[in-house]
Amino acid sequence: MENHVGNNAAVIESPGPGGAGDAHSLLLHKQLLGKRLHIQSVVRFFVAAGVAVTALGAKYVAGIDELDVPSLLLLALFLGLFNIGTFAATRRYRGVQQTAASYRVLQGIMHLTISVDFLFLTFGLWLVGGAKSPFKAFYLVHVILASILLSPRAAWLHALFGYGLLSGLVVAEWFAIIPARFPVGAVNSNTPLDGRFVLTVLVVQAFLMALTVFLVTSLARLLREGEQQLRTANTELGRLSNMHRDFFHIALHDLKSPVSAAVMLLHGLEAESEPALSERQSRWVSRLRVRLNELTGFLRDFEVMASLDAADLTAHRDEVDVGALLRRVAEDHEDLALTQGHRVEVDAPEDLPRLRATERLVYEAVANLASNAIKYTPDNGRIVLGARRSGAALRIEVIDNGIGIAPDDQKRLFHEFVRVRRRDLLPRKTSGSGLGLSIVRRIAKAHGGRVGVESELGKGSTFYIEFPLTPAAPAPPPGNQA
Ligand code: ADP
């Protein structure tokens, strides 16, 4: 996630750890079954309360005297009690992993709850007017749920079951097998059922339920097919990406050996030929050395990038003494800084807390920022490597008084291969792969931290990394993050 703070600062944040493990074998809608069932059971508590409140309101506020409130309250009570069971049963299956592990159990719970809901609904419908009640529409809710969450066959079976209950109730009321309850107010009149009306209700309801199952299952099937296609495309992408990575490793390895050999041979040539080389030849050799150094730098950046993609490098954590690490980075960059007349200072208090992190990676990140500061600061600059506690994080800063970065460019810098040329501010030629800052970003992410920059064009920059001091859990491999 990218977040821009003010005009002169950009900060890149890490998303939290994720990953679904085994659950990848289930399609997304199936992975969510546990969560949906749980939500449904929460909703069912509200329905039970709603039945009770509506019954009381209908009788004592709206004045529907014939309403059998005690039976409706009993119905609400049983619904609530039944729901305590489903709530407890589905609670532990809310996660994607748990759903994957117990998918069959959840399906069973789903079948059971839809069937039991139909029974409660039919009983409730009988109390509030049966065939005449507008509450008949509630059958569709369960039909829709079954059509979305279950297979088409199961959805049809549930619809048939619900329809069977409804038509059983209506026919039984019609033939007076059970007493018809028509509380006037909830229904229009308490006259006996008309055969033609019964037939109309049965036909309309059959048509509505069948149409609903047909439409919703067709839509759900289309969505699932789309999801399946996406999943296949994703697998193919993963395969191509692995191929690409393997190729990258091989190419990197094959390039590194000849470049190292060329550097060594060049050293040999310089050592043995001087002073026999002409001035022109010496110039060529020194240009060749610069080019080879650039190439070595490129290859090194690519190698670090590839290694960051390859594995969970943060699985091993050290207790890092950040002050000592900054001093080491300063020492290692001293010679380079001196060639441009820069002063490198370290500003870290003695009592800094230790950082639980992969030391090698933290070093790599700070070294990248330090070499950038040296590179992008005109001669005789001042560079400070600082660290301090900032809330629950440890903040490492690399401050320079170099060329600075325009606000628009700040947003892009942390992405791969982005380089910004400012020949007007820095006459010296700089080389680079455009990978350094994205390596820093990945390292911060791998530790659950974030990177950012505050900068003003022509005045200087402060690049910082904030590492959480007590990471809750190791983050996933950096390559797997968004
Ligand atoms: P590279 O240095 O190899 O070009 P980076 O990813 O390290 O790649 O940096 C990307 C770009 O960010 C650089 O090309 C440069 O324009 C800018 N940049 C990085 N650090 C600084 C800095 N300290 N001051 C000014 N610009 C910087």
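What counts and how
Residues numbered from 1 in each chain as written. Predicted model: local features only at pLDDT ≥ 70, side-chain atom pairs only at ≥ 80, totals over all residues. Heavy atoms only, no water. Helix = DSSP H or I, 4+ residues; strand = E, 2+ residues; numbered from the N terminus. Buried < 20%, exposed > 50% of the residue type's maximum accessible area, 1.4 Å probe, protein only. Contact = heavy atoms within 4.5 Å. Areas by Shrake-Rupley, 256 points an atom, 1.4 Å probe, with all protein chains shown as cover. pLDDT = per-residue confidence, 0-100. Near = heavy atom within 4 Å. Polar contact = N/O pair within 3.5 Å; in protein donor to acceptor, adjacent residues only side chain to side chain. Pairing = 2+ DSSP bridges. Phe/Tyr/Trp six-rings, centres within 6.5 Å; stacked < 30°, edge-to-face > 60°. Salt bridge = Lys/Arg side-chain N within 4 Å of Asp/Glu carboxyl O.

Visitor: Please clarify how the overall build of the protein chain should be interpreted in this entry.
Guide: Secondary structure summary: the protein chain contains 14 helices and nine strands in total. When the 482 residues of the protein chain are sorted by exposure, 42% land in the buried category. Put simply, of all contacts in the protein chain between residues at least 6 apart along the chain, 77% involve residues at least 24 apart. About 26000 Å² of surface is accessible on the protein chain, with carbon and sulfur atoms providing 62% of the total.

Visitor: Looking at this model, I keep getting lost on the confidence of the model for the protein chain. Mind explaining?
Guide: Do not read the predicted coordinates in detail wherever pLDDT is low. Mean pLDDT for the protein chain: 86, with 89% of residues reaching 70 or above. Predicted confidence for residues 1-7 stays below pLDDT 50, and this span has 16 contacts to residues more than four positions away or in other chains. Low pLDDT (under 50) marks residues 13-23, which in the prediction has 23 contacts with non-local residues, meaning those over four places away or in another chain.

Visitor: Please clarify how the side chain of His38 should be interpreted in this entry.
Guide: Along the chain, His38 turns up in helix 2 (residues 33-60). Look past the residues within four positions of His38 in its chain and what remains in contact with it is Phe87, Thr90, Arg91 and Arg94.

Visitor: What exactly am I supposed to notice about the site of the ligand here?
Guide: Taken together, 20 residues surround the ligand, and among them Asn372, Tyr376, Asp400, Arg419 and Leu437 come closest. Asn372 is positioned with one of its side-chain polar atoms (N or O) 2.8 Å from an oxygen atom of the ligand. Out of a free accessible area of 530 Å², the ligand has 98% covered by protein chains. Counting residues per element, the ones that place at least two in the shell around the ligand are helix 12 (359-375), helix 14 (436-446) and strand 9 (460-468). Per-element accounting of the shell around the ligand gives the leading share, three residues, to helix 12.

Visitor: For this particular structure, what's the right way to read the pairing of strand 8 (residues 450-456)?
Guide: Consecutive side chains along a regular strand alternate between the two faces of the sheet. Sheet analysis places strand 8 next to strand 9, joined by seven bridges and oriented antiparallel. Bridge pairing in strand 9 places Ser455 opposite Ser461. The antiparallel pairing of strand 8 with strand 9 creates a hairpin that spans three residues between the two strands, and Gly458 there sits at a positive phi of about 85 degrees.

Visitor: In this structure, what is going on with the packing of aromatic side chains? I would like to understand it.
Guide: Given two aromatic rings, their pairing is described by the distance between the two centres and the angle made by the two planes. For the structure on display, the rule yields 10 aromatic pairs. Geometrically, the ring pair formed by Phe82 and Phe120 is tilted, given 6.1 Å between the ring centres and 50 degrees between the ring planes. Of this pair, Phe82 sits in helix 3 (residues 69-91) while Phe120 sits in helix 5 (residues 103-127), and the two are 38 residues apart along the sequence. Seen in terms of ring centroids, Trp174 and Phe175 are 4.9 Å apart; in terms of plane orientation they differ by 35 degrees. Their pairing is tilted. Assessed through its relative accessible area of 54%, Phe175 is described here as exposed. In this structure an aromatic cluster arises from ring pairing among Phe118, Tyr139 and Phe161.

Visitor: Would you mind showing me how to read the pattern of salt bridges here?
Guide: Opposite charge on two side chains makes pairing possible when the charged atoms of those side chains draw close. On inspection of all chains with the given rule, the structure shows 23 salt bridges. The salt bridge involving Arg221 is made with Glu225; its shortest N-O contact spans 3.7 Å. Of the two residues, Arg221 and Glu225 both sit in helix 8 (residues 195-273), four residues apart, roughly one turn of that helix. Overall, Arg221 belongs to the partly exposed group, its relative accessible area being 46%. Across the pair Glu345 and Arg343 runs a salt bridge whose closest N-O atoms are separated by 2.7 Å. Its relative accessible area of 22% is what places Glu345 among the partly exposed residues. The class for Arg343 is partly exposed, based on a relative accessible area of 49%. Among the charged side chains, a network of salt bridges with common partners joins Arg388, Arg395, Glu397, Arg450, Glu454 and Glu466.

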